[in-house]
Amino acid sequence: MSKRAAGPGRALEEVGMDAAWDLRRKRRREVVDRIVEGSVWLTPADRALVLAYYRDGQRATEIARLANEPVRALRRRLRRAVRRVLSPEFAFVVEAHAGWSPTRRRVARACVLEGWSQRETSERLGLSLHTVRRHHDAVRGMFELRATSP
């Protein structure tokens, strides 16, 4: 695997993502930068949470108190958002979505970037579940094809 500059397309193994998901550990600067950069693709609520924690250095307990949300739920939401941002599929969608049809872009954004379920995507976008599945499967197929090609 070739080494590339830090950015959304960087392989997980190169920056030690196991430690990035653990909110108790110190993270390397490049991982934090990648999380903050990728947060622009998240929902506004998740983006605000990620930026408050990673960029502004607020503690999860303080953010939870301000948001009037249980700390455990907030940490779980933060962990899920970070996993999405650091996933290779997230990076693929960010890099490749411009050349897709509008429907495929909307489905990929909802399912991969924002973390909605296929059913939730179907309801929110007003598409049939079959259409959402078809587009999401196509995105996964393109991702897997790219991951296995030299």
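Residues numbered from 1 in each chain as written. Predicted model: local features only at pLDDT ≥ 70, side-chain atom pairs only at ≥ 80, totals over all residues. Heavy atoms only, no water.

Undergrad: Would you mind showing me how to read the nonpolar core here?
TA: For soluble globular proteins, the rule of thumb is that nonpolar side chains tend to be buried together. Core analysis: the biggest nonpolar cluster contains 32 residues, and Ile 35, Val 50, Tyr 54, Leu 78 and Val 93 have the highest contact counts within it. Only helix H3 (29-38), helix H4 (44-55), helix H5 (60-67), helix H6 (71-86), helix H7 (88-96), helix H8 (102-113) and helix H10 (129-148) provide two or more residues apiece to this core. In terms of residue count, H6 provides more of this core than any other element does, six residues in total. Beyond its immediate stretch of four places on either side in the chain, Ile 35 contacts Val 50, Tyr 54, Val 82, Val 85 and Leu 86. (Core = buried A, V, L, I, M, F, W, Y, C linked by side-chain atoms within 4.5 Å. Buried < 20%, exposed > 50% of the residue type's maximum accessible area, 1.4 Å probe, protein only. Helix = DSSP H or I, 4+ residues; strand = E, 2+ residues; numbered from the N terminus. Contact = heavy atoms within 4.5 Å.)

Undergrad: Honestly, the confidence of the model for the protein chain in this entry has me stumped. Any pointers?
TA: Close inspection of predicted coordinates is inappropriate in any region flagged by low pLDDT. Looking at the protein chain as a whole, its pLDDT mean stands at 85, while 82% of the residues score no less than 70. Within the protein chain, the lowest mean pLDDT, 46, falls on helix H1 (residues 12-15), and the highest, 97, falls on helix H9 (residues 118-125). Residue range residues 1-17 is modelled with pLDDT below 50. Its contacts to residues more than four positions away, or to other chains, number 37 contacts. (pLDDT = per-residue confidence, 0-100.)

Undergrad: Where do I start with the pattern of salt bridges in this structure?
TA: As a working rule, side chains carrying opposite charge can pair if their charged atoms are close by. Scanning the entire structure with this criterion turns up eleven salt bridges. When the shortest N-O distance is used, the salt bridge between Arg 28 and Glu 30 registers 2.6 Å. Judged by relative accessible area, Arg 28 falls into the partly exposed class, the value being 47%. Measuring nitrogen to oxygen at the nearest pair gives 3.0 Å for the salt bridge that ties Asp 56 to Arg 55. (Salt bridge = Lys/Arg side-chain N within 4 Å of Asp/Glu carboxyl O.)

Undergrad: Please clarify how unusual backbone geometry should be interpreted in this entry.
TA: Excluding glycine, residues mostly carry a negative phi; peptide bonds, for their part, are mostly trans. At Asn 68, a residue that is not glycine, the phi angle is positive and equals roughly 55°. Assignment of secondary structure puts Asn 68 in the loop between H5 and H6. Owing to a relative accessible area of 74%, Asn 68 belongs among the exposed residues under this scheme.

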